[in-house]
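# Topology and contacts: notes
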Protein chains: 2
Amino acid sequence: MRIQTQLNCFREMLAPVLETNAFYRQKLTEARITDPNDVQTLDDYRQLPFTTKEELSVDQVSHPPYGTNLTFPLEQYTCLHRTSGTTGSPLRWLDTAESWDWWGRCWGEIYRGAGVTSVDRLMIAFSFGPFIGFWSAYHGAQQLGALTIPNGGMTSDQRIRAILSNDVTVLIATPTYALRLAEVAEQDGINLSEVSSVRVTIHAGEPGASLPATKQRIETRWGARAYDHAGATEVGAWGVMCEPQAGLHLNEDEFICEVLDPETDNPADEGELVITNLGRVGMPVIRYRTGDYVKLKSGACECGRESRVLDGGVIGRIDNALIIRGLNVYPATLENIILKFPEVQEFAGRVYGTGTLDELEIQIESTNPNPNETATAVAAAIRDELGLRAIVKTVPLGTLPRYELKSKRFTDERVS
Amino acid sequence: MRIQTQLNCFREMLAPVLETNAFYRQKLTEARITDPNDVQTLDDYRQLPFTTKEELSVDQVSHPPYGTNLTFPLEQYTCLHRTSGTTGSPLRWLDTAESWDWWGRCWGEIYRGAGVTSVDRLMIAFSFGPFIGFWSAYHGAQQLGALTIPNGGMTSDQRIRAILSNDVTVLIATPTYALRLAEVAEQDGINLSEVSSVRVTIHAGEPGASLPATKQRIETRWGARAYDHAGATEVGAWGVMCEPQAGLHLNEDEFICEVLDPETDNPADEGELVITNLGRVGMPVIRYRTGDYVKLKSGACECGRESRVLDGGVIGRIDNALIIRGLNVYPATLENIILKFPEVQEFAGRVYGTGTLDELEIQIESTNPNPNETATAVAAAIRDELGLRAIVKTVPLGTLPRYELKSKRFTDERVS
């Protein structure tokens, strides 16, 4: 039974955590867990308290700079990273050499899922700042033994030249930045789908690669197969896409995953993903509310993996649904509708109040010589698929912001 | 005998190199070396042909993208870096997992020399681009187990905040950028020598930290001890400064080092450093003319290391001496004279022909309320120490260029 193996791992981690990790010792003691053997069954496990990002954040603010969720003395940690601050103020997170190797192993699963081997040549296109996602991809690539091209401080043009001159076969980037690179190449008259050797792209940071419209756009522009992956600074890289690409596998060898109804906290087929990581003893999370909204797929995957699969990857963030005139709309859902129109180059959306009603306004760049045609079609598609009226306006090509890491295409201008 | 141990290592490397490395097999066969055992003695070793940067560059241009100095099939290499292009067009250089660990070990010596341990917290301040120096410092820090703060894509202000909020104790940067960070901090009213925990700085990329004036300036601004180190993309990190700081040790466990008279190629106390690296079987250099001008120190070092010591580190580049009216002047020598004046904030120099005579012009930024006083004093110091007339002009504070990686403070505008 998978759960027994997972709980064995969990109890092994619990021993040092209960002994020296101030944050979890207090939290678990309050829940009357004082011995690893207090957690024998899945039912025991489900009695454990949740961990929220807010708690972790408050702990770090009260005990700067790293908080009290530390199992070992500070000098045992070798890596520091920071959340991107997508939601709230950034969290700092520490890894030991062991837990960093565990991150690399989790990326090993992602590479295996996408058919990437030591023969491949990788570009992990980012600035090598404090964002853990791509640093861990880099460590995983080194463990795999694949050639990896360092590219911090490069412009998009320089990255494209490095991809071409080194015959890079795998691109790792946010969906937004993969499209941005293709756009820059096109402006230079370079059709990457023809001249580059990139055959696989792996994405993170945004749900894009699980959205059919965005995925197809990336695949067309790069002449490659786009793979999603999912993870979080405080959790690890928990989501793996396999070659049949029929959803996103949970990496249940390294994580205990639950999907819970956000209202009742009961197990559900659709709801919030709650995770315990099993390989990060130095700074773990236990029953962590990821805020990711997901949907379990039924039936076994044809790839042969026995782990459960999320249909459509991460559908949205529990906390970023835009509630517009009573309708619950995820930015990712809108993105998927808008990018089905190949003539849309870039877009941005805002929600604002007019006093009586909320309005959703979308700005689009369209390559259609008559861009208003596209605007009308996009508005119709949003109305048809969501039953939502949107004001769609056109702006000249190249005027909307482009992003290198995570995009921020939607703003909510309503007073809350 | 050290040389016997070195030659054992060398012969071990020679076996696969003679078998599968096209570049060196040809070069060595032409010199009638076809078997590792052909090199038994130091005299045999001294008969081996030199390798020049020009040769390597021509080889890469003729056999793009990586040339033929490759002992293993391409898929065995895991890291790619590039020379900074200080001299000539950039060289690409590949490492295997093994040779990359060897780089990390060489950095281990540099950290040990400077008294840096796993308890320290490091910031390796650079853009994480293709420059090998600081990437290898990063790998060495991970091997050491010291916490290392990723900082690609950060502004100088953000780096200063990260240094302060994480209690960083060791800064690794070019001398120029260490001074730049201190200058930015001062502009924000932050005195790093008082408020930062940095106690050691380690430098690379430029000779600065071996120049007494630059070294003292860094130490004063950071309230730390500044250590030099030396290395090159195609060679490795071969120079180690120990705590007595009485010069730069050659790492003779990992490199065979010769100092040769550039005119006669005979062993000398002062001349060009010629190096063979012993841990980089996949893409080695054998009797490589580094172009670094160095001077051996006599006598044993009080630190107890038995390796030889270079007096004043790398004094200059054989090929960057500015010949001004028949005088041979290294930019580093000028820097050392100019920066002895604490009121000089930044400087730049150019050499130009006036038709009959060459002129050296130096521009300085001085914090002296009467900057011309500084200019006169700098000109007098250059005349006194070098017997050279220079035109020294003042420019307003903050107008000369600042550099993040290698500085380019001198330009030669003469038609060659």
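Residues numbered from 1 in each chain as written. Chains lettered and ligands numbered in written order. Predicted model: local features only at pLDDT ≥ 70, side-chain atom pairs only at ≥ 80, totals over all residues. Heavy atoms only, no water.

For the rest of this paragraph, the subject is the overall build of chain A. Broken down by element type, chain A carries twelve helices and 20 strands. Rg of the C-alpha trace for chain A: 22 Å, near the compact-globule value of 22 Å for 416 residues, within the 12% margin. Reported as C-alpha extents along the three principal axes, the dimensions of chain A are approximately 70 × 55 × 45 Å. In chain A, which comprises 416 residues, the share counted as buried stands at 56%. A separation of at least 24 residues holds for 66% of the contacts in chain A among residues at least 6 apart in sequence. As displayed, chain A has an accessible area near 16,700 Å², and 49% of this comes from carbon and sulfur atoms. (Helix = DSSP H or I, 4+ residues; strand = E, 2+ residues; numbered from the N terminus. Rg over C-alpha atoms; globule rule 2.2 N^0.38 Å. Buried < 20%, exposed > 50% of the residue type's maximum accessible area, 1.4 Å probe, protein only. Contact = heavy atoms within 4.5 Å. Areas by Shrake-Rupley, 256 points an atom, 1.4 Å probe, with all protein chains shown as cover.)

As a further point, take the interface of chain B and chain A. Where interface size is quoted, it is often the accessible area lost as the parts come together. Facing 35 residues of chain B, the contacting portion of chain A comprises 35 residues. Buried surface at the junction of chain B and chain A, summed over both partners, amounts to about 2,600 Å²; 56% is from carbon and sulfur atoms. Ranking the residues of chain B by area buried against chain A places Thr78, Leu147 and Pro150 of chain B at the top, with a combined share of 20%. Linking chain B to chain A there are zero salt bridges. At the boundary of chain B with chain A, the tally comes to twelve residue pairs in polar contact (both at pLDDT 80 or more). Breaking the side of chain B that touches chain A down by element, the ones donating at least two residues are strand E1 (77-82), strand E2 (92-96), helix H6 (132-144) and strand E4 (147-149) of chain B. It is E1 of chain B that provides the largest number of residues to the side of chain B that touches chain A, a total of six residues. Among the residues forming the side of chain B that touches chain A, the class breakdown is 18 nonpolar, 13 polar and four charged. (Buried area = accessible area lost by both parts, 1.4 Å probe. Salt bridge = Lys/Arg side-chain N within 4 Å of Asp/Glu carboxyl O. Polar contact = N/O pair within 3.5 Å; in protein donor to acceptor, adjacent residues only side chain to side chain. Nonpolar A, V, L, I, M, F, W, Y, C, P; charged D, E, K, R; others polar.)

This brings us to the pairing of strand E19 (residues 391-394) of chain B. Residues and elements named next belong to chain B. Where strand E18 (residues 358-366) meets E19, four bridges bridge the pair, whose relative direction is parallel. When the bridges of E19 are listed, Ile362 appears paired with Val392. Remark: the E18/helix H12 (residues 371-386)/E19 crossover connection has right-handed handedness. (Pairing = 2+ DSSP bridges. Right-handed = clockwise from strand over helix to strand, strands pointing away.)

For the rest of this paragraph, the subject is the sheet that holds strand E19 (residues 391-394) of chain A. All names here are of chain A. A sheet is described by the order of its strands in space; here four strands give the open sequence E19-E18-E17-E20, paired in mixed fashion. Every other strand in the sheet has two partners, leaving E19 and strand E20 (410-412) as the edge strands with one partner each. Neighbour-to-neighbour, the strand axes of this sheet turn through a mean angle of 15°, independent of strand direction. By the bridge criterion, nine bridges tie strand E17 (residues 344-353) to strand E18 (residues 358-366) in an arrangement that is antiparallel. Following the sheet pairing, Ala348 is matched in E18 by Gln363. (Axes fitted to C-alpha atoms, helices over the stretch in contact; angles between N-to-C directions.)

Residue and element names in this part refer to chain B. Between its first and last C-alpha, helix H5 (residues 97-113) extends 25 Å over 17 residues, near the 24 Å set by a 1.5 Å rise per residue. Within the span of H5, buried status applies to Ser99, Trp100, Trp102, Trp103, Gly104, Cys106, Trp107, Gly108, Ile110, Tyr111 and Gly113. Gly115 sits one or two positions beyond H5 and adopts a positive phi of about 70°. (Expected span 1.5 Å × (residues − 1).)

All names here are of chain A. Between Pro64 and the following residue, Pro65, the backbone shows a cis peptide bond with an omega angle of -5°. Within the element layout of this structure, Pro65 appears in the loop between helix H4 (53-62) and strand E1 (77-82). In the Ramachandran plot, Asp265 falls in the positive-phi region, its phi being about 60° despite a non-glycine side chain. By the element assignment, Asp265 lies in the loop between strand E10 (255-260) and strand E11 (270-277).

Another aspect to go through is the sheet that holds E10 of chain A. All names here are of chain A. The strand order across the open sheet formed by four strands is E10-E11-E12-E14, and the pairing between neighbours is antiparallel. Looking at which strands have only one partner, the edges of the open sheet turn out to be E10 and strand E14 (316-317). Looking at chain direction, E11 and strand E12 (residues 288-295) are connected through five bridges and run antiparallel. Its bridge partner lying in E12, Glu272 is registered against Tyr293. Sitting on the sheet, helix H1 (residues 2-20) touches E10 and E11, and the angle it makes with E10 is about 110°.

A few words now on the relation of the copies chain B and chain A. Aligned on chain A, chain B shows an RMSD of 0.0 Å; the corresponding rotation is 180° and the shift along the axis is 0.0 Å. Seen this way, the second copy is the image of the first under a two-fold rotation axis. Looking at the interface residues of chain B, 100% of them are also at the interface in chain A, so both copies use one shared face. (Least-squares fit on C-alpha atoms with pLDDT ≥ 70 in both.)

Moving on to the environment of Gly282 of chain B. All names here are of chain B. Relative to the elements of secondary structure, Gly282 occurs in the loop between strand E11 (270-277) and strand E12 (288-295). Among the residues examined, Gly282 registers a relative accessible area of 3% and is labelled buried. For Gly282 and Glu365, which are 83 residues apart along the polypeptide, the C-alpha to C-alpha distance reads 47 Å. Residues in contact with Gly282, not counting those within four places in the same chain, are Asn69, Leu70, Thr71, Phe72 and Tyr77.

With that settled, the discussion passes to the pattern of salt bridges. In this structure the tally under the stated criterion is 48 salt bridges over all chains. Between Glu55 of chain B and Lys27 of chain B there is a salt bridge whose closest N-O contact spans 2.7 Å. Pair noted here: Glu55 of chain B is in helix H4 (residues 53-62) and Lys27 of chain B is in helix H2 (residues 22-30), with a separation of 28 residues, a long-range link. Close ionic contact of Arg287 of chain B with Glu258 of chain B constitutes a salt bridge, the shortest N to O distance being 2.8 Å. Of this pair, Arg287 of chain B sits in the loop between E11 and E12 while Glu258 of chain B sits in strand E10 (residues 255-260); the two residues are 29 residues apart in sequence, bridging distant segments of the chain. Here Arg287 of chain B matches Glu258 of chain B in class, with each residue buried. Via salt bridges that share partners, Arg180, Glu183, Glu365 and Arg402 of chain A belong to a single interconnected network.

Residues and elements named next belong to chain A. You can read the domains of chain A as domain 1 (1-318) and domain 2 (321-412). With centres defined by C-alpha atoms, the gap from domain 1 to domain 2 works out at 28 Å. Counting residues at the interface gives 27 residues for domain 1 and 18 residues for domain 2. Buried area between domain 1 and domain 2, summed over both chains or domains, comes out near 1,900 Å², and the portion from carbon and sulfur atoms is 50%. There are one salt bridge connecting domain 1 and domain 2. (Domains from an automatic or database assignment.)

Looking now at the packing of aromatic side chains. The final tally for this structure, using the stated rule, is 35 aromatic pairs over all chains. Consider the rings of Phe126 of chain A and Trp135 of chain A, whose centres lie 6.4 Å apart with planes at 90°: the pair is edge-to-face. Per residue, the accessibility class of Phe126 of chain A equals that of Trp135 of chain A, and both read buried. Ring centres of Phe128 of chain A and Trp135 of chain A lie 5.1 Å apart, and the angle between their planes is 85°; on these two criteria the pair is classed as edge-to-face. Considered together, Phe128 of chain A and Trp135 of chain A belong to a single accessibility category, that of buried residues. Each member of the aromatic cluster is reached from another via a ring pair, and the members are Phe126, Phe128, Phe131, Phe134, Trp135 and Tyr138 of chain A together with Phe126, Phe128, Phe131, Phe134, Trp135 and Tyr138 of chain B. (Phe/Tyr/Trp six-rings, centres within 6.5 Å; stacked < 30°, edge-to-face > 60°.)

All names here are of chain B. Within strand E17 (residues 344-353), seven of the ten residues are buried, leaving the element largely enclosed by the surrounding structure. The pairing of E17 with strand E20 (residues 410-412) spans three bridges and is parallel. In the strand pairing of E20, Gly349 is matched with Phe410.

Residue and element names in this part refer to chain A. Two numbers describe how helix H7 (residues 156-165) lies on helix H8 (residues 175-187): the axes approach to 9 Å, and their chain directions differ by 85°. With respect to H8, the element H7 is oriented roughly perpendicular. Of the residues in H8, those touching H7 at Ser156, Asp157, Arg159 and Ile160 are Tyr177, Leu181, Val184 and Ala185. (Parallel < 35°, antiparallel > 145°, perpendicular 65-115°, else oblique.)

Residue and element names in this part refer to chain A. Topologically, Thr290 is positioned in strand E12. Separated by 238 residues in sequence, Thr290 and Thr52 place their C-alpha atoms 7.8 Å apart. A polar contact of 3.0 Å, which involves the side chain of Thr290, links it to the backbone nitrogen of Asp292.

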